[in-house]
Amino acid sequence: RRDLFGKEDEGYMQDAELLETLALEKLNRHVESIKEEGYAWVQVRTTFDYSDRAEFGNVRTIRREPTAEEQTRMEALEAELEALQPEYEAYDGDEDESGERYAALEDRADRIQQELDMLVESLAVPCPEDLAMAGAVVTIAQSGELRIERNLIRKEDMKKLSPGQSVDGLAEMAG
(Lines give C-alpha, C1' and ligand atoms only; values in the text may rest on other atoms or scores of the structure.)
Protein backbone atom coordinates (compact mmCIF):
# COMPACT_ATOMS: atom_id res chain seq x y z
CA ARG A 1 0.00 0.00 0.00
CA ARG A 2 1.22 3.52 -0.81
CA ASP A 3 0.27 7.01 0.18
CA LEU A 4 -1.14 8.86 -2.81
CA PHE A 5 1.20 11.79 -2.12
CA GLY A 6 4.17 9.72 -0.93
CA LYS A 7 7.32 9.03 -2.88
CA GLU A 8 7.17 6.31 -5.52
CA ASP A 9 9.38 3.87 -3.59
CA GLU A 10 7.59 4.36 -0.26
CA GLY A 11 4.94 1.94 0.89
CA TYR A 12 4.25 -1.06 3.03
CA MET A 13 2.92 -4.56 2.69
CA GLN A 14 -0.56 -5.15 4.05
CA ASP A 15 -0.83 -8.94 3.73
CA ALA A 16 2.49 -10.77 4.14
CA GLU A 17 0.76 -14.18 4.14
CA LEU A 18 -0.84 -13.49 0.77
CA LEU A 19 2.51 -12.43 -0.68
CA GLU A 20 4.15 -15.60 0.68
CA THR A 21 1.36 -17.78 -0.76
CA LEU A 22 1.58 -16.16 -4.19
CA ALA A 23 5.37 -16.49 -4.24
CA LEU A 24 5.21 -20.19 -3.27
CA GLU A 25 2.59 -20.87 -5.96
CA LYS A 26 4.81 -19.27 -8.58
CA LEU A 27 7.90 -21.18 -7.39
CA ASN A 28 6.00 -24.50 -7.33
CA ARG A 29 5.45 -24.22 -11.08
CA HIS A 30 9.13 -25.08 -11.58
CA VAL A 31 9.26 -28.19 -9.38
CA GLU A 32 8.23 -30.78 -11.99
CA SER A 33 10.73 -29.64 -14.61
CA ILE A 34 13.51 -29.82 -12.01
CA LYS A 35 12.44 -33.30 -10.86
CA GLU A 36 12.65 -34.38 -14.51
CA GLU A 37 16.38 -33.58 -14.34
CA GLY A 38 16.67 -36.65 -12.10
CA TYR A 39 16.73 -35.15 -8.62
CA ALA A 40 15.39 -37.20 -5.71
CA TRP A 41 13.77 -34.19 -4.07
CA VAL A 42 12.97 -30.53 -4.68
CA GLN A 43 12.14 -27.99 -1.99
CA VAL A 44 10.50 -24.63 -2.49
CA ARG A 45 11.45 -21.75 -0.17
CA THR A 46 10.82 -18.05 -0.44
CA THR A 47 14.14 -17.36 1.27
CA PHE A 48 17.39 -19.30 1.13
CA ASP A 49 20.24 -17.52 2.84
CA TYR A 50 23.66 -18.57 4.05
CA SER A 51 22.36 -20.27 7.19
CA ASP A 52 19.80 -22.22 5.14
CA ARG A 53 22.52 -23.24 2.68
CA ALA A 54 24.58 -24.62 5.59
CA GLU A 55 21.96 -27.37 6.01
CA PHE A 56 23.27 -29.00 2.82
CA GLY A 57 26.39 -30.36 1.24
CA ASN A 58 27.08 -30.61 -2.49
CA VAL A 59 27.21 -33.77 -4.53
CA ARG A 60 30.64 -34.92 -5.54
CA THR A 61 31.43 -34.18 -9.15
CA ILE A 62 33.43 -35.98 -11.77
CA ARG A 63 34.95 -34.40 -14.83
CA ARG A 64 33.58 -35.61 -18.13
CA GLU A 65 35.55 -35.43 -21.33
CA PRO A 66 34.69 -32.41 -23.48
CA THR A 67 32.88 -32.96 -26.75
CA ALA A 68 34.80 -32.19 -29.93
CA GLU A 69 32.94 -28.88 -30.19
CA GLU A 70 33.73 -27.97 -26.57
CA GLN A 71 37.38 -28.91 -26.99
CA THR A 72 37.65 -26.80 -30.13
CA ARG A 73 36.04 -23.82 -28.37
CA MET A 74 38.33 -24.17 -25.33
CA GLU A 75 41.40 -24.27 -27.58
CA ALA A 76 40.15 -21.20 -29.46
CA LEU A 77 39.61 -19.29 -26.20
CA GLU A 78 43.06 -20.27 -24.93
CA ALA A 79 44.55 -19.09 -28.25
CA GLU A 80 42.70 -15.76 -27.89
CA LEU A 81 44.18 -15.30 -24.41
CA GLU A 82 47.66 -16.09 -25.73
CA ALA A 83 47.15 -13.62 -28.58
CA LEU A 84 46.51 -10.88 -26.03
CA GLN A 85 49.90 -11.43 -24.39
CA PRO A 86 51.87 -9.37 -26.97
CA GLU A 87 49.38 -6.53 -26.51
CA TYR A 88 50.03 -6.58 -22.76
CA GLU A 89 53.78 -6.60 -23.37
CA ALA A 90 53.56 -3.75 -25.89
CA TYR A 91 51.31 -1.65 -23.70
CA ASP A 92 52.77 1.74 -22.86
CA GLY A 93 51.09 3.54 -19.99
CA ASP A 94 52.62 6.87 -21.05
CA GLU A 95 50.76 6.75 -24.38
CA ASP A 96 47.50 5.78 -22.66
CA GLU A 97 47.22 8.40 -19.93
CA SER A 98 43.49 7.80 -19.40
CA GLY A 99 44.00 4.04 -19.12
CA GLU A 100 41.17 3.36 -21.57
CA ARG A 101 43.23 1.08 -23.82
CA TYR A 102 44.41 -0.97 -20.85
CA ALA A 103 40.87 -1.16 -19.43
CA ALA A 104 39.57 -2.37 -22.80
CA LEU A 105 42.34 -4.97 -22.99
CA GLU A 106 41.57 -6.17 -19.45
CA ASP A 107 37.84 -6.28 -20.22
CA ARG A 108 38.45 -8.41 -23.32
CA ALA A 109 40.72 -10.78 -21.39
CA ASP A 110 38.18 -11.05 -18.56
CA ARG A 111 35.34 -11.91 -20.96
CA ILE A 112 37.44 -14.59 -22.66
CA GLN A 113 38.55 -16.04 -19.31
CA GLN A 114 34.99 -16.01 -17.99
CA GLU A 115 33.70 -17.94 -21.01
CA LEU A 116 36.58 -20.42 -20.68
CA ASP A 117 35.88 -20.88 -16.96
CA MET A 118 32.18 -21.48 -17.62
CA LEU A 119 33.03 -24.05 -20.25
CA VAL A 120 35.45 -25.88 -17.96
CA GLU A 121 32.90 -25.72 -15.13
CA SER A 122 30.28 -27.31 -17.38
CA LEU A 123 32.50 -30.39 -17.64
CA ALA A 124 31.91 -31.15 -13.94
CA VAL A 125 28.92 -33.47 -13.68
CA PRO A 126 27.37 -34.95 -10.55
CA CYS A 127 28.67 -38.32 -9.44
CA PRO A 128 25.94 -40.84 -10.46
CA GLU A 129 25.90 -42.52 -7.01
CA ASP A 130 25.24 -39.18 -5.31
CA LEU A 131 22.55 -38.07 -7.76
CA ALA A 132 20.14 -40.67 -6.33
CA MET A 133 20.01 -38.69 -3.07
CA ALA A 134 20.61 -35.20 -4.47
CA GLY A 135 18.06 -32.48 -4.70
CA ALA A 136 17.44 -28.85 -5.46
CA VAL A 137 15.97 -25.82 -3.76
CA VAL A 138 13.81 -23.42 -5.75
CA THR A 139 13.89 -19.93 -4.29
CA ILE A 140 13.94 -16.23 -5.05
CA ALA A 141 17.22 -14.39 -5.54
CA GLN A 142 17.74 -10.98 -3.94
CA SER A 143 17.10 -9.45 -7.35
CA GLY A 144 13.65 -11.06 -7.38
CA GLU A 145 14.58 -13.56 -10.08
CA LEU A 146 14.09 -17.32 -9.88
CA ARG A 147 17.11 -19.07 -8.34
CA ILE A 148 17.65 -22.82 -8.36
CA GLU A 149 20.30 -24.36 -6.10
CA ARG A 150 21.03 -27.77 -7.63
CA ASN A 151 23.12 -30.78 -6.57
CA LEU A 152 22.46 -30.46 -2.86
CA ILE A 153 22.60 -33.30 -0.36
CA ARG A 154 20.83 -33.13 2.99
CA LYS A 155 23.04 -33.72 6.01
CA GLU A 156 21.01 -36.79 6.99
CA ASP A 157 21.58 -38.26 3.51
CA MET A 158 25.33 -37.74 3.80
CA LYS A 159 25.33 -40.55 6.39
CA LYS A 160 24.39 -42.90 3.54
CA LEU A 161 27.68 -42.27 1.76
CA SER A 162 30.07 -45.15 2.11
CA PRO A 163 32.93 -44.63 4.61
CA GLY A 164 35.73 -42.46 3.27
CA GLN A 165 33.48 -40.55 0.91
CA SER A 166 33.17 -36.86 1.54
CA VAL A 167 30.82 -34.17 0.33
CA ASP A 168 32.48 -30.77 0.77
CA GLY A 169 34.03 -31.99 4.00
CA LEU A 170 30.62 -32.27 5.64
CA ALA A 171 30.57 -36.07 5.80
CA GLU A 172 32.69 -35.95 8.94
CA MET A 173 30.12 -33.66 10.58
CA ALA A 174 27.23 -35.90 9.57
CA GLY A 175 28.98 -39.14 10.57
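Given the structure is predicted, the values throughout are model-derived calculations rather than measurements.

1. Things to note about the pattern of salt bridges
Part 1 of the argument: Here the structure, examined in full by the defined rule, presents 13 salt bridges.
Part 2 of the argument: With its nearest N and O atoms 3.8 Å apart, the salt bridge here joins D52 to R45.
Part 3 of the argument: In this structure D52 comes out as buried when scored by relative accessible area, which is 16%.
Part 4 of the argument: Notably, a salt bridge pairs E70 with R64, separated by 2.8 Å at the nearest N-O pair.
Part 5 of the argument: Beyond isolated ion pairs, a larger network of salt bridges with shared partners links R45, D52 and E55.

2. Notes on the pairing of strand β6 (residues 146-154)
Part 1 of the argument: Pairing of strand β2 (residues 56-58) with β6 involves 3 bridges; the strand directions are antiparallel. Within β6, the residue paired with N58 across the bridge is L152.
Part 2 of the argument: Judged from the 5 bridges that link them, strand β5 (residues 135-140) and β6 form a sheet pairing that is antiparallel. Looking across to β6, one finds that V137 is bridged to E149.
Part 3 of the argument: The loop that links β5 with its antiparallel partner β6 comprises 5 residues; one of these, G144, has a positive phi angle of about 95 degrees.

The rules behind each value
- Residues numbered from 1 in each chain as written.
- Predicted model: local features only at pLDDT ≥ 70, side-chain atom pairs only at ≥ 80, totals over all residues.
- Heavy atoms only, no water.
- Salt bridge = Lys/Arg side-chain N within 4 Å of Asp/Glu carboxyl O.
- Buried < 20%, exposed > 50% of the residue type's maximum accessible area, 1.4 Å probe, protein only.
- Pairing = 2+ DSSP bridges.
- Helix = DSSP H or I, 4+ residues; strand = E, 2+ residues; numbered from the N terminus.

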